[in-house]
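Results of the structural survey
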Amino acid sequence: MELSVQFASREHRAQLPRHLLARWVRAALRRGPDARRAPAAPDGPARITLRFVGAEEGRRLNREFRRRDYATNVLTFAYEAWPPVADIVLCDSVVADEAAAQGKALASHYAHLVVHGVLHALGWDHLREAQALRMERAERDILAMLGIGDPYAEGGGRGDA
């Protein structure tokens, strides 16, 4: 795996060491591509960039690429499903506000959103109810392997990637 980590916003940098981010990404990658959308698996490593941004950049990206004029928690820009090549953008102020509102540890919420973003990079989606249920089940399984509780049972909602 090739992992690039960028901190455009340094607000949570101390709480997000590279080895922890890599652990979360690897856990999601082990789940694999969505079998319904998976192409033939060529050789090569996953190439994932995690970029942590402030509200202004998060809002600009969401407006430019999704036509939604607000900062969102996580955006995934997937270029290849397998091996995955993707940029995953996390907006620190939104993540922090959500974690506080849902009574979650900041690191646990970041773990959930990193996993969520990587699953999107692998072709998973939640546009339809059946897809959402499959994706949520995968997220729960991955987070449980990481020792993190069910993000939905703790009051969390579906990701906005």
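So, here's what we can say about the structure.

Here we come to the packing of aromatic side chains. If you walk through the whole model with that rule in mind, you get 3 aromatic pairs. Ring centres of Phe7 and Phe52 lie 4.8 Å apart, and the angle between their planes is 10°; this geometry places the pair in the stacked category. One end of the pair, Phe7, is in strand β1 (residues 2-7); the other, Phe52, is in strand β2 (residues 47-53), with 45 residues separating them in the sequence. Under the relative-accessibility criterion, Phe52 is labelled buried at 1%. When the centroid spacing of 5.0 Å and the interplanar angle of 75° are considered together, the rings of Phe65 and Phe77 count as edge-to-face. Remark: Phe77 occurs in strand β3 (residues 74-81) and Phe65 occurs in helix α2 (residues 55-66); sequence separation between them is 12 residues. These aromatic residues form a ring-pair network of at least three members: Phe7, Phe52 and Tyr110.

The next thing to look at is unusual backbone geometry. Positive phi outside glycine occurs at Arg67, with the angle close to 60°. Relative to the elements of secondary structure, Arg67 occurs in the loop between α2 and β3.

Rules and cut-offs
Residues numbered from 1 in each chain as written. Predicted model: local features only at pLDDT ≥ 70, side-chain atom pairs only at ≥ 80, totals over all residues. Heavy atoms only, no water. Phe/Tyr/Trp six-rings, centres within 6.5 Å; stacked < 30°, edge-to-face > 60°. Helix = DSSP H or I, 4+ residues; strand = E, 2+ residues; numbered from the N terminus. Buried < 20%, exposed > 50% of the residue type's maximum accessible area, 1.4 Å probe, protein only.

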